[in-house]
Amino acid sequence: MVALNSAEVSVLVKEAGKEVIGSYVRNVYTPHERAVVLRLYRPGAGSGELWLVAGSAIFYVTASLRVPSTPSAKTLQLRRYLINQPIQHIQQMGYERIVELYFTKTEYRLLAELMPPGNIILTSDNKVLWVLEETTRGGRVLKKGSDYLPPPTRYSLLPGANIQDVWEKLNPKSPLVSALSRDLGIGGKYAEEIAYRSGVDKMKKVEDITEDEVGKVKQALNSLLTEISYPSPRLYFKDGEAIPSLTVLKTMEEYESKVFENFTESVINAYMYEVEQSEAKAARDRHEKFVERLRKELSEKQHAMLQLEKKMSALEELITKVSEHINLIEGFWEDVDGGLMRLREVFGEGVKYEQGLLVVGTEDASTEFRKGVSVHRQVGKMFEELKSIRHAVQKLREEVDSLAKKVAEAEAKITPEPIPFKAVKIEPRRQSRPFREFTTSGGFKVLLGKDVRSNITLLKKHLEKTDIVLHADLHGSPATVVKMGSKASQNDLEEAAQMTACYSRAWKEGFGNCSVYYVSADQVSFTPPSGQYLPKGSFMVLGRKTYLTSELRLAAYFDHDLNPHITPALTALRVGVNHVELRPGNTKAHEASKVIADLLEVKPSEEQLQSLAGEIPYGRCSIYFRNKLIRS
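Now for a description of the structure that goes with this document. Because the structure is predicted, anything quoted here is derived from the model rather than measured.

Cut-offs applied
- Residues numbered from 1 in each chain as written.
- Predicted model: local features only at pLDDT ≥ 70, side-chain atom pairs only at ≥ 80, totals over all residues.
- Heavy atoms only, no water.
- Helix = DSSP H or I, 4+ residues; strand = E, 2+ residues; numbered from the N terminus.
- Pairing = 2+ DSSP bridges.
- Axes fitted to C-alpha atoms, helices over the stretch in contact; angles between N-to-C directions.
- Expected span 1.5 Å × (residues − 1).
- Polar contact = N/O pair within 3.5 Å; in protein donor to acceptor, adjacent residues only side chain to side chain.
- Buried < 20%, exposed > 50% of the residue type's maximum accessible area, 1.4 Å probe, protein only.
- Contact = heavy atoms within 4.5 Å.
- Phe/Tyr/Trp six-rings, centres within 6.5 Å; stacked < 30°, edge-to-face > 60°.
- Lys NZ or Arg CZ within 6 Å of the ring centre and 35° of its normal.

Below, the discussion takes up the environment of threonine 527. Topologically, threonine 527 is positioned in the loop between β23 (524–525) and β24 (540–541). In the structure, threonine 527 is positioned 515 residues away from leucine 12 in sequence and 48 Å away in space, judged by C-alpha atoms.

Glancing now at the sheet that holds strand β8 (residues 119–124). Strand order in the open sheet made by the 5 strands is β5-β6-β7-β8-β9, with antiparallel pairing throughout. Looking at which strands have only one partner, the edges of the open sheet turn out to be β5 (87–92) and β9 (127–131). On average, each strand axis in the sheet is inclined to that of its neighbour by 25°, with strand direction left out of account. As defined by bridge partners, strand β6 (residues 98–103) adjoins strand β7 (residues 108–113) across 5 bridges and the pair is classed as antiparallel. What sits directly across from leucine 101, in β7, is leucine 110.

So, on to helix α1 (residues 6–20). The end-to-end C-alpha distance of α1 is 20 Å, a good match for the 21 Å that 15 residues give at a rise of 1.5 Å each. Where α1 starts, the residue carrying a side-chain oxygen 3.2 Å from the main-chain nitrogen of alanine 7 turns out to be asparagine 5. Backbone geometry just downstream of α1 places glycine 22 in the positive-phi region, at approximately 90°.

Here the focus is the pairing of strand β26 (residues 554–558). Counting buried residues in β26 gives 5 out of 5 residues, a clear majority hidden from the surface. Burial along β26 is two-sided: the face carrying Leu554, Ala556 and Phe558 and the face carrying Ala555 and Tyr557 are both buried. In terms of strand pairing, β26 meets strand β27 (residues 564–568) through 5 bridges, oriented antiparallel. Looking at the pairing, leucine 554 lines up with proline 568 of β27.

It is worth spelling out the side chain of glutamine 608 at this point. Residue position: glutamine 608 is located in helix α15 (residues 606–615). Not counting residues up to four positions away in its chain, the partners in contact with glutamine 608 are Arg26, Asp561, Leu562, Asn563 and Pro564.

This part covers the packing of aromatic side chains. The geometry of an aromatic ring pair comes down to the distance between the two centres and the angle between the two planes. Across all of its chains, the model carries 10 aromatic pairs by this definition. Between phenylalanine 332 and tryptophan 333 the ring centres are 5.1 Å apart and the planes differ by 80°, which places this aromatic pair in the edge-to-face class. A single burial state applies to phenylalanine 332 and to tryptophan 333, both of which are buried. Plain terms: the ring middles of phenylalanine 332 and tyrosine 353 are 5.3 Å apart, the flat faces sit at 65° to each other, and that makes the pair edge-to-face. Residue phenylalanine 332 is found in the loop between α7 (326–330) and α8 (336–347), and its partner tyrosine 353 is found in strand β15 (residues 352–354); the two are separated by 21 residues along the sequence. Look at tyrosine 353 and you get partly exposed, because its relative accessible area is 30%. An aromatic cluster is present here, built from Trp51, Phe59 and Tyr271 joined pairwise through their rings. A cation sits over an aromatic face here: arginine 26 above tyrosine 41, 4.6 Å from the ring centre.

What follows is the structure, given as structure tokens:
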């Protein structure tokens, strides 16, 4: 289990906060009994997962690390509380190893206790609504309905803190490494590092350390805290254990290590490595138990086969002797006493006679004879028994051979190859797109600026010679670029013009149509004529403009994954997508998004509705469906 100190938890919280704040909880699942995963979505940025591992760590990852298992009843309870909740804030409780998540719409607070044994708790107004594991320890009760009481606080040394007075916090009777780890809360790996850098024996009791050595320890401690303040994340592999660190550890120079861009990646890789090692060990244990069962079964069958072979050999020998001395057995009844003596000379002490029954044989094989019953008939029965035993021995031999082969194959797999380390790369979640974009019915990509700044960025950094530029003939229009537009058809340019008109001020003014011009890329200039001034955020168009008149009509729809899209109505009609038409109007965007979903008979998440609402021009519209006005 990955173990972190307070400073490391603080770094993880800062790195996760950049990704999770403003995200919506799309789903909740528990990949194993000690972890809760929040599947998150942030409009314009995409999806990711926030992992909360009780008694260990938290981290945010864009890729799904584990296929969700069938949710338990407990998981479903937490899911009902958190689905579609937007995350307002994430923070560390004081400087403890406890992380708090706050949600915008409710008083919910989700707490992850990362010190062992750890727990995950959902509260409202400090009352426990849900808890991963109900416990009662040392008077602290964690169960539904109880007040949430955090564990007793422990001192943790903060990076940048004044270390002159920390020596007084150390237990004088403890070894140096134990005191640094426990009393300063810096953890074992950093305590080992400080002792190593200072050159002081780590097992020396604090009270026995000289003043000169105290100075060396403080100097090493100060140096390490400074390094931790400017992380250089590493992951060390020591004796099958993955150890994340915020800085280079001289105590682990001899071990394999990996360098990461951020501490989150180091912790994720440590966690996944240990999960895989643990699963591999569990698999080996199961396999060894399986092999042991095979060995036991093989031993039992071998023993049974040896016993049968012994009996078969004894019976074969008995049949031979009986066949050779049939006359003695047949004449036994004429002189019982004399016959008994003669038979014992041949068959040994295994000959007995009681109550008219003659028994001939040994402990391993014997047969019985009665007066008046044919000896040859009894010998026939012995042959039948021998035949049956031979068949059983043959069957057992085949089973033993098969089992021996299985055991050999299984034993060869008991010690599998060591699991190689596979680094998990955490790609940053995509940022909000700087431009609006869509693809025309003819397959041409169209980019639209969102404001003055993105207009200029689009034209200065993304305009190429073969592109076409469009702009509405009024203030407040987006700059629109049709990539490779010089090859576009008139239909493609009409669609680009319609999108440009709809996101211009004409929509806000409630116009029914708008005039849009288009020019080639080389007609766009950012240099004014001599003696003239070009306002900041403006551009000039040189030469002739070609004008189109565009109706202000957009199409809204959801794709297969319920992601929202807004395109020109012309595009939607030409490609045949099922859509709702939007025109200038007074229906608020958030309300409109719900009406659109109802009309299209889909059930998107709250964040998907928010994303759709955010794309409706100027936050208002009227709604048409199949040429019928639904909302004005």
